[in-house]
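As a plain string of letters, each chain reads:
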There are 2 protein chains.
Amino acid sequence: MEVFIEPIGRLINEFAKLPGVGKKTAQRYAYRVINMTEGEARAFADAILDAKRKVRFCKICGNFSEEDICAVCASREGKQICVVKEPKDAIALERLHAFKGVYHVLHGVIDPMNGVTPNDIRVRELLERVQRGGVEEVIMATNPDVEGEATAMYIAKLLKPLGVKVTRLSRGIPIGGELEYTDDVTLERALVERKEL
Amino acid sequence: MEVFIEPIGRLINEFAKLPGVGKKTAQRYAYRVINMTEGEARAFADAILDAKRKVRFCKICGNFSEEDICAVCASREGKQICVVKEPKDAIALERLHAFKGVYHVLHGVIDPMNGVTPNDIRVRELLERVQRGGVEEVIMATNPDVEGEATAMYIAKLLKPLGVKVTRLSRGIPIGGELEYTDDVTLERALVERKEL
């Protein structure tokens, strides 16, 4: 005899597909759903379907958008373009309310080991944006890992001949971090990229 | 300008209603949904609605069931009844494959501070089951907290005049636990309920 009846077992399996969710956590989520009202469960299911159906990608920057052109691209100057790997990276930066330029979401990084070439991500679209003119600076904000660095270098090389300034987010010891517990690669980077006081 | 577009923000809010899910985790779940195929999102939404619609409670024991009578009640002898607070407790016990009797889910415990009286939980139904005869033992398996203990004591008092054996799950130091790190109440209980070797 199965421990879970079918509809509960199935819901647990669905929750277990979410990132970082194991069987135990999936169970807790499923119990919560069963204790919801019919209306609450309906709102939850609708939110899932709506997010999937209504969320598209901005035709200019590739970020999440309900319209053809996202609110950021529609309302801001394009002098500075911040290049990120994924929409969630743009959202993380946007949360700071510190950057007033626009974004360009690559939807991936160059990763030959996994068969991702420059043609598989939105590099060409970025070059076209810069070629159309009016761009003064491109900020490479891909992750500071091997693929992110390689992608930033590759794109910088393509952009420089176009006469645009290309910068990279600084890397180093996280604010509040401790030297002792900082990994060697980060520490070395912090030393190499030290700033004059 | 909102950081999240409406359908994403709404989905994040829905995920954040799940137990132990904060904003950050809800975001990660929402991103996962957006990256699902249309079919996957549909399957997820359907599982939520189905769990809510198809899961009912067994008319005998009160556990989750798709039918009027659950598979456990339909197939097992009722000589031993294990009394639990919630369906998930019955599922936890069932997972052991060690208990061959049936369950009785109270759907709560007596908690006067929060206005839960014996009439608000399935006490009467339990008495009726025992009165119908054939029951030899009732195992009280409510949680070992104040309300769970009080509920177990209350029900035991009602059951004893009916000539049925009433037992309680043993309490003590968890297997693999260490004396040093066991809380005082548990340690005292382990001492009081010590067993002869």
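Computed from a predicted structure; not experimentally measured.

Novice: Account for the interface of chain B and chain A, naming residues and giving values.
Specialist: Of the residues lining the interface, 54 residues belong to chain B; the matching set on chain A comes to 54 residues. Carbon and sulfur atoms make up 70% of the surface buried where chain B meets chain A, a total of about 5,200 Å² over both sides. One can count 4 salt bridges joining chain B with chain A. One salt bridge in this structure joins Asp50(B) and Arg10(A), with 2.6 Å as the shortest N-O distance. Taken together, the connections running from chain B to chain A amount to 11 residue pairs in polar contact (both at pLDDT 80 or more). Residue assignment for the side of chain B that touches chain A shows that the elements contributing at least two residues are helix H1 (6-15), helix H2 (23-34), helix H3 (38-54), strand S2 (64-65), helix H4 (71-75) and helix H5 (87-94) of chain B. Among the elements that line the side of chain B that touches chain A, the one with the most residues is H3(B), at 16 residues. Its residues placed into classes, the side of chain B that touches chain A shows 29 nonpolar, 6 polar and 19 charged.

Novice: Residues and numbers for unusual backbone geometry, please.
Specialist: Residues and elements named next belong to chain A. For histidine 97, which is not glycine, the phi torsion reads 55 degrees and is therefore positive. A positive phi angle is found at histidine 107, which is not glycine, with a value near 60 degrees. Within the element layout of this structure, histidine 107 appears in the loop between strand S4 (102-105) and helix H6 (123-131). With relative accessibility at 32%, the residue histidine 107 sits in the partly exposed group.

Novice: Could you give an account of the packing of helix H6 (residues 123-131) of chain B against helix H7 (residues 146-159) of chain B, naming the residues involved and the relevant values?
Specialist: All names here are of chain B. Close contact between H6 and H7 brings their axes to 11 Å; oriented N to C, the two are set at 35 degrees. Of the two possible hands of crossing, H6 and H7 adopt the one that is right-handed. Across the interface between the two elements, Val123, Leu126, Leu127 and Val130 from H6 touch Tyr154, Ile155, Leu158 and Leu159 from H7.

Novice: How would you sum up the pairing of strand S6 (residues 165-168) of chain B? Please name residues and give values.
Specialist: Residue and element names in this part refer to chain B. Relative to S6, strand S5 (residues 137-140) runs parallel, the two being bridged by 4 bridges. Looking at S6, one finds that methionine 140 is bridged to arginine 168. Chirality of the crossover, the property in question, places the unit of S5, H7 and S6 among those that are right-handed.

Novice: Can you tell me about the relation of the copies chain B and chain A, naming the residues and giving the values?
Specialist: Laying chain B over chain A is done by rotating through 180 degrees and shifting 0.0 Å along the axis; what remains is an RMSD of 0.0 Å. Taken together, the rotation and translation describe the operation of a two-fold axis. No C-alpha of chain B approaches the rotation axis more nearly than that of Ala45(B), which lies at 2.2 Å. The residues that chain B uses at the interface reappear at the interface of chain A in 100% of cases, marking a shared surface.

About the criteria used
Going along each chain's sequence as written, the residues are numbered from 1 onward. Here the convention is simple: chains get letters from A, ligands get numbers from 1, in the order in which they are written. The model is predicted, so local features are restricted to residues of pLDDT at least 70 and side-chain atom pairs to those at 80 or more, both for listing and for counting; the totals for chains, interfaces and linings are taken over all residues. The side-chain figures draw on all heavy atoms in the structure; neither hydrogens nor water molecules are used. Contact between two residues is taken to exist if any of their heavy atoms lie within 4.5 Å; hydrogens are not considered. Values labelled buried area give the accessible surface lost by two parts on being combined, using a 1.4 Å probe and summing over both. Salt bridges are defined as contacts in which a side-chain nitrogen from Lys or Arg sits within 4 Å of a carboxyl oxygen from Asp or Glu. Counting of polar contacts relies on pairs of N or O atoms within 3.5 Å, with two restrictions inside protein: one atom must be capable of donating a hydrogen and the other of accepting it, and residues adjacent in sequence are counted only when both atoms are side-chain atoms. Strands are runs of DSSP state E lasting at least two residues, helices are runs of H or I lasting at least four, and both sets are numbered from the N terminus onward. Under the convention adopted here, Pro, Cys and the residues Ala, Val, Leu, Ile, Met, Phe, Trp and Tyr are nonpolar, Asp, Glu, Lys and Arg are charged, and Gly plus all remaining residues are polar. For every residue, the accessible area (1.4 Å probe, protein chains only) is compared with the maximum for its type, and the residue is labelled buried under 20%, exposed over 50%, or partly exposed between those bounds. To get an axis, a line is fitted to the C-alpha atoms, and for a helix only the part in contact is used. The angle between two axes follows their N-to-C directions and goes from 0 to 180 degrees. In a left-handed crossing the near helix is turned counterclockwise from the far helix by less than a right angle, and in a right-handed crossing that turn is clockwise. Two strands pair if DSSP finds at least two bridges between them. With its strands directed away from the observer, a crossover is right-handed exactly when the path from the first strand over the helix to the second travels clockwise. Copy-to-copy superposition: least squares on the C-alpha atoms, limited to residues that have pLDDT of at least 70 in both copies.

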